[in-house]
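Chain by chain, the residues run as shown.
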Amino acid sequence: DVKVTQSSRYLVKRTGEKVFLECVQDMDHENMFWYRQDPGLGLRLIYFSYDVKMKEKGDIPEGYSVSREKKERFSLILESASTNQTSMYLCASVTQGAYEQYFGPGTRLTVT
Amino acid sequence: RKEVEQDPGPFNVPEGATVAFNCTYSNSASQSFFWYRQDCRKEPKLLMSVYSSGNEDGRFTAQLNRASQYISLLIRDSKLSDSATYLCAVNDFSTGNQFYFGTGTSLTVIP
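Here's a quick rundown of the structure. The shown structure was predicted, so the numbers you read here are calculated from the model rather than taken from an experiment.

Here's the deal with the overall build of chain A
So, step 1. The secondary structure content of chain A amounts to zero helices and eleven strands.
So, step 2. The secondary structure elements of chain A, listed N-terminal to C-terminal, are β-β-β-β-β-β-β-β-β-β-β.
So, step 3. Judged by the C-alpha coordinates and their principal axes, chain A covers about 40 × 25 × 25 Å.
So, step 4. In chain A, which comprises 112 residues, the share counted as buried stands at 50%.
So, step 5. Counting contacts in chain A only where the partners sit at least 6 residues apart, residues at least 24 apart contribute 55% of the total.
So, step 6. Roughly 5,400 Å² of accessible area belongs to chain A as shown, and the carbon and sulfur atoms make up 49% of that amount.

Let's talk about the packing of aromatic side chains
Aromatic ring pairs are described here by two measures, namely the spacing of the ring centres and the angle between the planes.
So, step 1. The final tally for this structure, using the stated rule, is 14 aromatic pairs over all chains.
So, step 2. With a centroid separation of 6.1 Å and 20° between ring planes, the pair formed by Phe33 of chain A and Tyr35 of chain A is classed as stacked.
So, step 3. Measuring from ring centre to ring centre gives 5.7 Å for Phe34 of chain B and Phe99 of chain B, while their planes differ by 35°; the resulting arrangement is tilted. Remark: Phe99 of chain B occurs in strand E10 (residues 98-101) and Phe34 of chain B occurs in strand E4 (residues 32-38); sequence separation between them is 65 residues.

A word on the interface of chain A and chain B
So, step 1. Listed per partner, the contact involves 24 residues of chain A and 21 residues of chain B.
So, step 2. Buried area between chain A and chain B, both sides added, is near 1,700 Å², and the carbon and sulfur share of it is 56%.
So, step 3. There are zero salt bridges connecting chain A and chain B.
So, step 4. Connecting chain A to chain B are two residue pairs in polar contact (both at pLDDT 80 or more).
So, step 5. Taken together, the residues that form the side of chain A that touches chain B break down as twelve nonpolar, eight polar and four charged.

Quick notes on the rules
- Residues numbered from 1 in each chain as written.
- Chains lettered and ligands numbered in written order.
- Predicted model: local features only at pLDDT ≥ 70, side-chain atom pairs only at ≥ 80, totals over all residues.
- Heavy atoms only, no water.
- Helix = DSSP H or I, 4+ residues; strand = E, 2+ residues; numbered from the N terminus.
- Buried < 20%, exposed > 50% of the residue type's maximum accessible area, 1.4 Å probe, protein only.
- Contact = heavy atoms within 4.5 Å.
- Areas by Shrake-Rupley, 256 points an atom, 1.4 Å probe, with all protein chains shown as cover.
- Phe/Tyr/Trp six-rings, centres within 6.5 Å; stacked < 30°, edge-to-face > 60°.
- Buried area = accessible area lost by both parts, 1.4 Å probe.
- Salt bridge = Lys/Arg side-chain N within 4 Å of Asp/Glu carboxyl O.
- Polar contact = N/O pair within 3.5 Å; in protein donor to acceptor, adjacent residues only side chain to side chain.
- Nonpolar A, V, L, I, M, F, W, Y, C, P; charged D, E, K, R; others polar.

The structure is reproduced here in C-alpha cells:
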C-alpha cells in the first residue's frame, strides 16, 4: 500500500516563527510536491522537486523554501510565518511519467 | 487566466440522480487528465484517469474533448457516499511534470 506521511496533522505557530513541515514517501518516487489549499482557491503549487537536491518554484513560492536531501523526504520551510500562511498544506509524490499523484493527509497550519 | 477551471457548485442532487461536471483547461499541450475525489478535511484521492477514448468505472464515466479543451465526469445513480468535492487535474510534461488542479466542484447527494 502506497504511503505519503506528513509530520503533523495540526500545527499552531506564532507570527515570525520558523516552521518546518516534513513529508516522507515510501514509494521511491522521483517527484515530490508541496501545495497549499484554501477555500475558493483550490490547490496551489508552492514548490516541487524532481530529484534529490533539485527544486523548482511553483506558482506561489514567496515566503517558503524547501529541502530535499534524501529521495524519500521533502521538507517545506516557512522562514518567518505570517498569518496569511494559515492554510492546509498537502504534500504529494508521483513517479516519473506523470501518473497518479499520491497525497499525504495534510497539515492544517494556523499562524496566530 | 487560470490553467484549469471548474464550476464550484454546489451541486445538490437527490439519490439516484445523474450528475455531470465539466472542467476546462487552457494549455492545449496538456497530456494527462485526471479526476480526484476529496472528502471533507481529507486529502485528494485519484478517482480515475481520463483517456482520449473515454473511460468508465462502474457508475462513473470520464470523457476528454481535446478540440474544446475540457474533461467531464458523469456520475449515474448517485449515492449518499458520493458526496464530496471533485477536483480535475491536468499535466503536461513541458512544465516539468507539474500538475494543475481545478478549485473543485462540491457535490451533495440528498436522501
